[in-house]
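# Commentary on secondary and tertiary structure
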Amino acid sequence: MASHYEAPIREPLVAGEKSYHDVTVDIAAPVEGRANKLWWIAFSIALVAFLWGIGCIIYTISTGIGVWGLNKTVGWAWDITNFVWWVGIGHAGTLISAVLLLFRQKWRMAVNRSAEAMTIFSVVQAGLFPLIHMGRPWLAYWVLPIPNQFGSLWVNFNSPLLWDVFAISTYLSVSLVFWWTGLLPDFAMLRDRAVKPFQKKIYSLLSFGWTGRAKDWQRFEEVSLVLAGLATPLVLSVHTIVSFDFATSVVAGWHSTIYPPYFVAGAIFSGFAMVLTLLIIMRKVSNLEAYITRVHIEYMNKVILLTGGIVSVAYITEFFIAWYSGTNYEDYTYLSIGAATGPYWWAFWALIICNFIVPQTLWVKKLRRNFTWSFIVSIVINIGMWFERFDIIVINLSKGHLPSSWAMFSPTFVDVGIYLGTIGFFFVLFLLYARTFPVIAQAEIKTILKSSGERYKRIRDVEGKSIAGAAVDVRTSNYSSTDTNSSDQATK
């Protein structure tokens, strides 16, 4: 076991008496076995929300977006808030997995698969809102740079909407390849364990002929590193482009150079919070307590503290700039004195409490390692990040340069229904994914089992103590023999 050494002071990443076979059985169990009661409860709630959202979307398309709470002043509101919120969550998933892979962090093994799946499903939800907001979603292909049946009608490359189309479609394609590549060994494992011929055939197709040869693993690692290297800068560029939707405008409070890094940090902040939510749910629903441990939760919370600190610095900077400018229009931006005391004060303080105050509790180690509190904090952070996007859009637009155009925004039941529907759709997809694909990479868990498994760490500890004890006995016997020889010589 010398080649699998890890400092004894480190806590194990795999709890319990787990062997290699146990890892395979435990991770394949949610896919091969029957769904438990908790899974059905979670799936039923998500399905009801999803169906409600579908009804609201059908009502919107059949009637028109006048059923939303939009007005001539606040033309962007609930839908674009939700779009940016989902994009932020989605852009963090692949970044989390890719960066942790590039830095060779062992604790990513229990985190990366959920983060990558979260990316795919979040981007799907984000893509719904621009389509509906177009008013004619059946003409959505007009945003693609291809000639259409009306002649040479090309897209407007100066439009931020088109930037989003290119950025998100590129990111989605790279994330899909990165996610699918990581699943190949797990598909092969399910193929080899499948009993029904139909399942064996499906998983054989999905595994792309994976055999587990040394050449397969060599190519797998090379491709994973290349895709991780591509995905990391792509995430930074994509959310920077999303921030340009606002930063390139002339609206007071939006034309800010801090937006690109601020949006990227906010995306990682909210993304880690959502991954934490999913992990805590899945460890109970799929009985994965041995593989998603307190150590993983603590490491996740530490990253949340770091990115939350970056976001907090951005908040303070925005507040200071709004005050220091001395401009009345800048004073009513989403982070300013006007926002804190105006009609949307409740949204402002919800943002500050959720994103600035509550995460500071994670400095306490006991709370940072507590599952219940971590789950509550992850939910609160995602609520706060939604309010951040709401404040950016609604507060800034509600009071422009012309007092005659000032207006308040209030969402309708259709706005709320579509948003809750996307949340339901996200969890429906994720729960179905957890019943079809392994939510943890079993092959990667096995690579760290001897170094970070509780069983093997204890064996090494016992062996180390026995070797140390034997060494002490040898030294003691040598000392005693030396003393005996000395006393014999003295007697002679």
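Higher on the page you've got the structure.
Values in this document were obtained by computation on a predicted structure and should not be read as measured data. (Residues numbered from 1 in each chain as written. Predicted model: local features only at pLDDT ≥ 70, side-chain atom pairs only at ≥ 80, totals over all residues. Heavy atoms only, no water.)

## What to know about unusual backbone geometry
The backbone of Phe-208 sits at a positive phi, close to 55 degrees, despite the residue not being glycine. Here Asn-287, not a glycine, exhibits a phi torsion of approximately 55 degrees, which is positive. Secondary-structure assignment places Asn-287 in the loop between α8 (259-285) and α9 (294-325). (Helix = DSSP H or I, 4+ residues; strand = E, 2+ residues; numbered from the N terminus.)

## Re a nonpolar patch on the surface
Together, Ile-316, Trp-345, Trp-346, Trp-349, Ile-353, Phe-356 and Ile-357 make up a nonpolar patch on the protein surface, roughly 720 Å² of accessible area in all. Top element by residues in the nonpolar patch is helix α11 (residues 345-357). It accounts for 6 residues. Along the chain, Trp-345 falls in helix α11. (Patch = residues over 30% accessible without salt bridge, like charges linked within 9 Å, V, L, I, M, F, W, Y side chains within 5 Å. Areas by Shrake-Rupley, 256 points an atom, 1.4 Å probe, with all protein chains shown as cover. Salt bridge = Lys/Arg side-chain N within 4 Å of Asp/Glu carboxyl O.)

## Description of the side chain of Glu-388
Secondary-structure assignment places Glu-388 in helix α13 (residues 371-398). For Glu-388, a relative accessible area of 2% corresponds to the buried category. Among the polar contacts listed, one links the side chain of Glu-388 to the side chain of Tyr-262, at a separation of 3.3 Å. Beyond its immediate stretch of four places on either side in the chain, Glu-388 contacts Tyr-262, Val-311, Tyr-315, Tyr-334, Leu-351 and Asn-355. (Buried < 20%, exposed > 50% of the residue type's maximum accessible area, 1.4 Å probe, protein only. Polar contact = N/O pair within 3.5 Å; in protein donor to acceptor, adjacent residues only side chain to side chain. Contact = heavy atoms within 4.5 Å.)

## Here's the deal with the side chain of Asn-301
Along the chain, the position of Asn-301 falls in helix α9. Judged by its relative accessible area of 0%, Asn-301 is buried. Only 2.7 Å separates the side chain of Asn-301 from the backbone oxygen of Arg-368, close enough to count as a polar contact. Beyond its immediate chain neighbours, meaning those up to four positions away, Asn-301 contacts Leu-276, Leu-362, Arg-368 and Ser-374.

## Some details on helix α3 (residues 78-102)
Helix length check: α3, at 25 residues, gives a terminal C-alpha distance of 37 Å against a target of 36 Å (1.5 Å per residue), a fit within 8%. By the criterion of burial, α3 is predominantly enclosed, with 23 of the 25 residues buried. The first or second residue beyond α3 is Arg-104, which carries a positive phi of 55 degrees. (Expected span 1.5 Å × (residues − 1).)

## A look at the packing of α11 against α13
Closest axis-to-axis distance for the α11/α13 pair is 8 Å, and the angle between their directions is 140 degrees. Relative to α13, α11 is oriented oblique. The way α11 lies across α13 gives a crossing that is left-handed. Residues Trp-346, Ala-347, Phe-348, Ala-350, Leu-351, Cys-354 and Asn-355 of α11 pack against Val-380, Ile-381, Ile-383, Gly-384, Met-385, Phe-387, Glu-388, Phe-390 and Asp-391 of α13. Tallied by class, residues from the contact of α11 with α13 come to 12 nonpolar, 2 polar and 2 charged. (Axes fitted to C-alpha atoms, helices over the stretch in contact; angles between N-to-C directions. Parallel < 35°, antiparallel > 145°, perpendicular 65-115°, else oblique. Left-handed = near helix turned anticlockwise from the far one by under 90°. Nonpolar A, V, L, I, M, F, W, Y, C, P; charged D, E, K, R; others polar.)

## With respect to the nonpolar core
Formed by 130 residues in total, the largest nonpolar core has its most connected members in Tyr-259, Tyr-262 and Ile-392. With 16 residues, α8 is the single largest residue contributor to this core. What Ile-392 contacts, discounting residues up to four positions off in sequence, is Phe-246, Trp-254, Tyr-259, Tyr-262, Phe-263 and Tyr-334. One finds Phe-43, Ala-46, Val-428 and Leu-431 within the second-largest nonpolar core, a separate group that totals 8 residues. (Core = buried A, V, L, I, M, F, W, Y, C linked by side-chain atoms within 4.5 Å.)

## Focus on the packing of aromatic side chains
This model, assessed by the stated rule, comprises 47 aromatic pairs. On the basis of an interplanar angle of 80 degrees and a centroid distance of 6.4 Å, the ring pair of Trp-180 and Phe-437 is categorised as edge-to-face. Note that Trp-180 is positioned in helix α5 (residues 160-193) and Phe-437 in the loop between α14 (413-436) and α15 (442-447), a separation of 257 residues in sequence. Under the relative-accessibility criterion, Phe-437 is labelled buried at 13%. Ring geometry for Tyr-344 and Trp-346: centres 6.1 Å apart, planes at 55 degrees, overall tilted. (Phe/Tyr/Trp six-rings, centres within 6.5 Å; stacked < 30°, edge-to-face > 60°.)

## Description of the packing of α8 against α9
Contact pair α8 / α9: the axes reach a minimum separation of 9 Å and the direction vectors enclose 150 degrees. Judged by the angle between their axes, α8 and α9 are roughly antiparallel. Crossing angle aside, the handedness with which α8 passes α9 is left-handed. Residues Tyr-259, Tyr-262, Ala-265, Gly-266, Ile-268, Phe-269, Phe-272, Ala-273, Val-275, Leu-276, Leu-279 and Ile-280 of α8 touch α9, and the partners they reach there are Ile-297, Met-300, Asn-301, Val-303, Ile-304, Thr-307, Gly-308, Ile-310, Val-311, Ala-314, Tyr-315 and Glu-318. For the contact of α8 with α9, the residue count by class is 19 nonpolar, 4 polar and 1 charged.

## A short note on the pattern of salt bridges
Per the counting criterion, the structure on display carries 8 salt bridges. A salt bridge links Arg-113 to Asp-186; the shortest N-O distance between them is 2.9 Å. Residue Arg-113 is found in helix α4 (residues 112-133), and its partner Asp-186 is found in helix α5; the two are separated by 73 residues along the sequence. Asp-186 matches Arg-113 in its accessibility class, with the two residues each being buried. With a closest N to O distance of 3.1 Å, Asp-192 and Arg-191 form a salt bridge. Classification of Arg-191 by relative accessible area gives buried; the value is 15%. Among the ionic contacts, a cluster of salt bridges with common partners joins Glu-298, Arg-368 and Arg-369.

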